[in-house]
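Understanding the architecture of this molecule
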Amino acid sequence: MTKKPNILIVYTGGTIGMVKDYGTGALKAFDFSQISNKIPELQQLNCTIETISFKEPIDSSNMNIDYYVEIAEIIASNYNSFDGFVVLTGSDTMSYISSAISFMFENLQKPVIFTGSQLPIGDLRTDAKENLITSVQIAASSNNGEPIIQEVGLYFEYKLYRANRTTKISAEQFEAFTSMNYPPLVESGVHLNFNYPLLLRLRGDEKELVFRKKFDNNIAVLKLFPGITEKVVRSYLGIEGLRGLVLETYGAGNAPTTKWFLDILREFVEKGVYVVNVTQCAGGSVILGHYETSSDLKNLGIIDGKDITTETAIAKMMYLLGENLTKGQFKRYFELPLRGEIRE
Ligand code: ASP
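Computed from a predicted structure; not experimentally measured.

When you go through the chain residue by residue, the secondary structure sums to 9 helices and 20 strands. In terms of overall size, the chain behaves like a compact globule, its C-alpha atoms giving a radius of gyration of 21 Å where 344 residues would be expected to give roughly 20 Å. Projected onto its principal axes, the C-alpha positions of the chain cover 65 × 55 × 35 Å. A fraction of 74% describes how many contacts in the chain between residues 6 or more apart in sequence connect residues 24 or more apart. Accessible surface, the chain: about 15900 Å² in total, of which carbon and sulfur atoms supply 49%.

If you want it as structure tokens, here you go:
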């Protein structure tokens, strides 16, 4: 008889861990170690489940790099004892968090599935049960003793996505996330349908898990809009210690061709600030040099964000800034898929 998979649920906070006090109507956090009492269906899954909870669960709006490291340390220190991990966070910043965690682990060979819910676990119409049960089931799925998912995923409303391809798109629908530039890894219907050709697998021989937690958050995001003033763009130049700028441009990576705008970008580059061009569009890709309006950016040596999401550009920027790379290496690594987050 083969051993049952051992799954660790890490609870950090968010709506999923709340129950309604039917006396007062207020939502309050519940003791997550009692999860099997709240969802007895979990006991029917063919796996053993353990839980670890943040001492003080947080709303995901309060997430930061220290919490990323705390989540990743829980996974790293339990990596050898468990077959898979399910991480519960609030959905509001789940794409940012899960994306960051994907960069923290190099050579990951076990599933790390992020999930949460729009309605608390104690609500009658909750989406928490399905999200949690199926996430555990996916985390426990294996083929010939090998986990099927060997990357960081995000499961919501019947779909598992590659986490670093996701964006939260709805504060209302149960289908809160989408992944415009990469299809779902798993779809849950009557069966769990794994899209095998899409799954990440290690390319090299290096199999040892490498934990990278030196993130640098000296970065900013600048979203362009028609009518943006020189004063606003220039103010970013004055940010002390700024090392990276995620520039949200239009369409296929287009930006104004006015002299003042290009002069400011040149100043960033000369100061050694890394500027990456990502599109404001939910889907599609930057194609630098496709239009005249992006040729100047290309000539300035701005990094091509291709089809990366803003959430993931932020995580990747923080990650690569922590890695002491040369200018050339930084640009090269940013433009290459490291965890399946960007097209080749
Ligand atoms: N505000 C909550 C959070 O992100 C929403 C949720 O849990 O989905 O923590």
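In this structure, tyrosine 158 takes a positive phi of about 75° despite not being glycine. Checked against the element boundaries, tyrosine 158 lands in the loop between strand S10 (152-156) and strand S11 (159-162). Residue classification places tyrosine 158 among the partly exposed positions, given a relative accessible area of 41%. Residues other than glycine seldom take positive phi values, yet lysine 306 does so here, at roughly 45°. Classification of lysine 306 as buried rests on a relative accessible area of 11%.

The volume enclosed by the largest pocket comes to roughly 800 Å³. Glu106, Pro337, Leu338, Arg339 and Gly340 are the residues nearest the centre of the largest pocket, which is lined by 37 residues in total. Counting residues per element, the ones that place at least two in the lining of the largest pocket are strand S6 (105-106), helix H8 (310-321) and helix H9 (327-335). Here the lining of the largest pocket is built from residues that sort into 18 nonpolar, 7 polar and 12 charged.

Another aspect to go through is the environment of serine 285. Topologically, serine 285 is positioned in the loop between strand S19 (274-279) and helix H7 (292-299). For the pair serine 285 and glycine 227, spaced 58 residues apart in sequence, the C-alpha to C-alpha distance is 24 Å. With sequence-adjacent residues up to four places away left out, serine 285 is seen in contact with Gly251, Ala252, Lys306, Asp307 and Arg343. Of note is the side chain of serine 285, whose polar atom sits 3.5 Å from the backbone nitrogen of aspartate 307. A polar atom in the side chain of serine 285 sits 3.0 Å from the side chain of arginine 343.

Rules used throughout
For every chain, the first residue of the written sequence is number 1, and numbering continues from 1 along that sequence. Selection of residues for local features in this predicted model requires a pLDDT of at least 70, selection of side-chain atom pairs for listing and counting requires 80 or more, and totals for whole chains, interfaces and linings are taken over all residues. Note that the side-chain values use all heavy atoms of the structure and ignore hydrogens as well as water. Only DSSP runs of H or I reaching four residues or more are called helices, and only runs of E reaching two or more are called strands; each is numbered from the N terminus. Taken over C-alpha atoms, the radius of gyration is set against a globule rule of 2.2 Å times the number of residues to the power 0.38. It only takes one pair of heavy atoms within 4.5 Å for two residues to be counted as in contact. For the accessible areas, the method is Shrake-Rupley and the probe is 1.4 Å, while residue cover comes only from the protein chains on display. Type-normalised accessible area, obtained with a 1.4 Å probe on protein chains alone, sets the label of each residue: buried when under 20%, exposed when over 50%, and partly exposed for intermediate values. A cavity here means a set of points on a 1 Å grid, drawn over the protein atoms and nothing else, where a 1.4 Å probe fits but cannot get out; a pocket is an open set with protein on both sides within 12 Å along at least five of seven lines, and a residue lines either one if it has an atom within 4 Å of a point. Grid points are joined across faces, edges and corners, and a volume is the space filled by probe spheres set on the points. Asp, Glu, Lys and Arg are counted as charged, while Ala, Val, Leu, Ile, Met, Phe, Trp, Tyr, Cys and Pro are counted as nonpolar; the rest, among them Gly, fall into the polar class. Throughout this description, a polar contact denotes any pair of N or O atoms lying within 3.5 Å of each other; where both atoms belong to protein, one of them has to be capable of donating a hydrogen while the other can accept it, and for residues adjacent in sequence the pair is counted only when both atoms sit in side chains.

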